[in-house]
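# Structural overview for review
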Amino acid sequence: MDTHTRLHETISALADGELAASELELAFAALDTDEGRQAWNAYRHIGDVLRSEQCGHALSAQFDARLASRLAAEPAPAHAEPLLPLSAAIVPPGAAEPLEAGPLAQR
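Residues numbered from 1 in each chain as written. Predicted model: local features only at pLDDT ≥ 70, side-chain atom pairs only at ≥ 80, totals over all residues. Heavy atoms only, no water.

### Considerations on the nonpolar core
One finds Leu-7, Ile-11, Ala-13, Leu-14, Leu-19, Leu-24, Ala-27, Ala-30, Leu-31 and Ala-39 forming the largest nonpolar core, which totals ten residues. The set of elements that each furnish at least two residues to this core consists of α1 (3-15) and α2 (24-30). For this core, the leading source of residues is α1, giving four residues. (Core = buried A, V, L, I, M, F, W, Y, C linked by side-chain atoms within 4.5 Å. Buried < 20%, exposed > 50% of the residue type's maximum accessible area, 1.4 Å probe, protein only. Helix = DSSP H or I, 4+ residues; strand = E, 2+ residues; numbered from the N terminus.)

### Focus: the pattern of salt bridges
The final tally for this structure, using the stated rule, is two salt bridges. Note that Glu-23 is salt-bridged to Arg-6, the shortest N-O span being 2.5 Å. Placement of the pair is Glu-23 in the loop between α1 and α2 and Arg-6 in helix α1, with a sequence separation of 17 residues. Asp-34 serves as the salt-bridge partner of Arg-37, at 2.6 Å between the closest nitrogen and oxygen. Note that Arg-37 and Asp-34 are positioned in helix α3 (residues 34-51) at a spacing of three residues, about one turn of the helix. The class of Arg-37 is partly exposed, set by a relative accessible area of 37%. (Salt bridge = Lys/Arg side-chain N within 4 Å of Asp/Glu carboxyl O.)

### Topic: the environment of Thr-10
Inspection of the secondary structure puts Thr-10 in helix α1. Those residues in contact with Thr-10, other than ones at most four positions away along the chain, are Leu-19, Glu-23, Leu-26 and Ala-27. (Contact = heavy atoms within 4.5 Å.)

### Re a nonpolar patch on the surface
A cluster of nonpolar side chains, contributed by Phe-63, Leu-67 and Leu-71, occupies part of the molecular surface with about 260 Å² of accessible area. The topology assignment puts Leu-67 in helix α4 (residues 61-73). Judged by relative accessible area, Leu-67 falls into the partly exposed class, the value being 38%. (Patch = residues over 30% accessible without salt bridge, like charges linked within 9 Å, V, L, I, M, F, W, Y side chains within 5 Å. Areas by Shrake-Rupley, 256 points an atom, 1.4 Å probe, with all protein chains shown as cover.)

### Some words on α3
The terminal C-alpha atoms of α3 lie 26 Å apart, and with 18 residues this matches the ideal 26 Å at 1.5 Å per residue to within 8%. All buried positions along α3 are accounted for by Gly-36, Ala-39 and Gly-47. One face of α3 carries all of its buried residues, which in axial projection span an arc of 65°. Facing away from the buried surface of α3 by more than 90 degrees, the exposed residues are Asp-34, Gln-38 and His-45. (Expected span 1.5 Å × (residues − 1). Arc of directions from axis to C-beta.)

### Quick word on the confidence of the model for the chain
Of all residues in the chain, 66% have pLDDT values of 70 or greater, and the mean over the chain is 75. Here helix α5 (residues 86-90) stands out as the least confident element of the chain, with mean pLDDT 52; α2 is the most confident, with 89. (pLDDT = per-residue confidence, 0-100.)

Printed below as a string of structure tokens:
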């Protein structure tokens, strides 16, 4: 896999909250580049649009069924370790949770 693809997959997993704790350092290093910041902004914007009820049109039940069927047919990714939610990967167990602020806290 080339570096460009790896960078995008890592940032996409970070944006989705599906990044393994062992990959955080790589993700943060990627975000320290212009290409990484552009990818983060694109994935964040895509997620915002997909979650928004105000942007675009409601998706049909048929779309949901087709998407679910295609996702079910995808092979499960092989991960070296179980994935943690991003907050669990950043905040060690037993530590105080950080305060939430901004647009993500409203969801």
